[in-house]
Amino acid sequence: MQLTTLLLGALASVASAQKTWSVAVAMNGSLTFSPNRLVAQPGEFVQFQFHAGNHTVTQSTFDQPCQPINQHNSSIAGFHSGFLPAAASAAQGMIPTYTIQVNNTQPLWLYCAQGKHCENGMVMVINEPAANKSRTLESFKALAAGASTVVPGGAAGAGGTTGTGTTDGTNPSGTGAPASASSPGAAGVVGVPGGMALAAAGMAAVLFL
Ligand SMILES: [Cu+2]
C-alpha cells in the first residue's frame, strides 16, 4: 500500500472513495463497447480502454444517434474522446484510455464516430432511464441503424481525460483520479484534470495489494 500511496498521493485526496468502471472498446477487434450498458453513480468514473482499431467514444442525444450532442443541444458541450488508435501505444504494451466522471444520474448516450460503426451498433448507454421504456439501449441501437455518423468538430478529448493504461480486465483503480475538486459539467460529465494512467504493467498488480 505504501507504493500505491506514493504513486497516487498527489491525486488521491478527492478520488480515493470513487469507483472507476472500465469499458472495453473494440475487444478482440469487435465493434463494441463492453459492457454497453452500465449504471454509474454521480462522482464515479468510467474509463474507456481502447483495445484495437481506431475508435472514439462520443456523446449524442437519444433522438439523434451517431451525431454529437452539441449539434442538437448547444447548451451541452458533451464529450468526445477523439480517435484513439490502439496501435499507437501498443509498442509500449499500453492501450489508449479515455476517462470521464459521471456527474448525475441522467442518461448518457454514446457512440463511436468512426466510419459506420455507430450505424452498425457500436453504441452504449450509461444510466439507461429506468422509467421510460421507449428509451432503451435497444431502441437507441435501432435508431442508430438508420442514422448517419457525424464526427464532432470540437476538440478531441473534450469532457474527459485521455491517457494510456494497461488493462487486465478489472476495474483500474489507479486511473482517472482527479487532481482537484470537480465542478458540475454539462450532460452529467465533468473533465478529469490530471488523469493518471498506469505507468507500467507492474503497477496494476501493486494497486490491488
Ligand atoms: Cu468504432
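No experiment lies behind these values; they were computed from the predicted model shown. (Residues numbered from 1 in each chain as written. Predicted model: local features only at pLDDT ≥ 70, side-chain atom pairs only at ≥ 80, totals over all residues.)

J.: Break down the overall build of the protein chain for me, with residues and values.
T.: Tallying secondary structure elements over the protein chain gives 5 helices and 12 strands in all. Expressed as a percentage of its 209 residues, the buried residues of the protein chain come to 42%. Pairs at least 24 apart in sequence give 73% of the contacts found in the protein chain among residues at least 6 apart. (Helix = DSSP H or I, 4+ residues; strand = E, 2+ residues; numbered from the N terminus. Buried ≥ 20, exposed ≤ 12 C-beta atoms within 10 Å, placed from the backbone. Contact = placed C-beta atoms within 7 Å.)

J.: Talk me through the sheet that holds strand E6 (residues 58-60); I want residue IDs and the actual numbers.
T.: Note: strands within a sheet are paired through backbone hydrogen bonds, in either parallel or antiparallel orientation. Spatially, E3-E10-E9-E6 is the arrangement adopted by the 4 strands of the open sheet, whose pairing is mixed. Looking along the sheet, the strands with just one partner apiece sit at the ends: strand E3 (37-38) and E6. The sheet contact formed by strand E9 (residues 108-111) and strand E10 (residues 123-126) spans 4 bridges and is antiparallel. For Trp 109, the partnering residue across the bridge sits in E10 and is Val 125. Sheet strands in contact with helix H4 (residues 137-145) are E3, E9 and E10, and its direction is about 145 degrees off that of E10. (Pairing = 2+ DSSP bridges. Axes fitted to C-alpha atoms, helices over the stretch in contact; angles between N-to-C directions.)

J.: For the confidence of the model for the protein chain, give the residues involved together with the corresponding values.
T.: Mean pLDDT over the protein chain: 79, with 71% of residues reaching 70 or higher. The low-confidence segment residues 169-209, where pLDDT is below 50, has 112 contacts with residues more than four positions distant or belonging to other chains. (pLDDT = per-residue confidence, 0-100.)

J.: Account for the nonpolar core, with residues named and values stated.
T.: Here is a general trend for soluble globular proteins: nonpolar side chains tend to be buried in one another's company. Ranked by internal contacts, the top residues of the largest apolar core, which has 34 residues, are Val 46, Leu 110, Tyr 111, Cys 118 and Val 123. Elements with a contribution of two residues or more to this core: strand E1 (20-25), strand E4 (45-50), strand E8 (95-102), E9, E10 and H4. Residue contacts for Tyr 111: discarding those within four places in its chain leaves Thr 58, Ser 60, Pro 65, Cys 66, Cys 118, Met 122, Val 123 and Ala 144. (Core = buried A, V, L, I, M, F, W, Y, C linked by C-beta atoms within 7 Å.)

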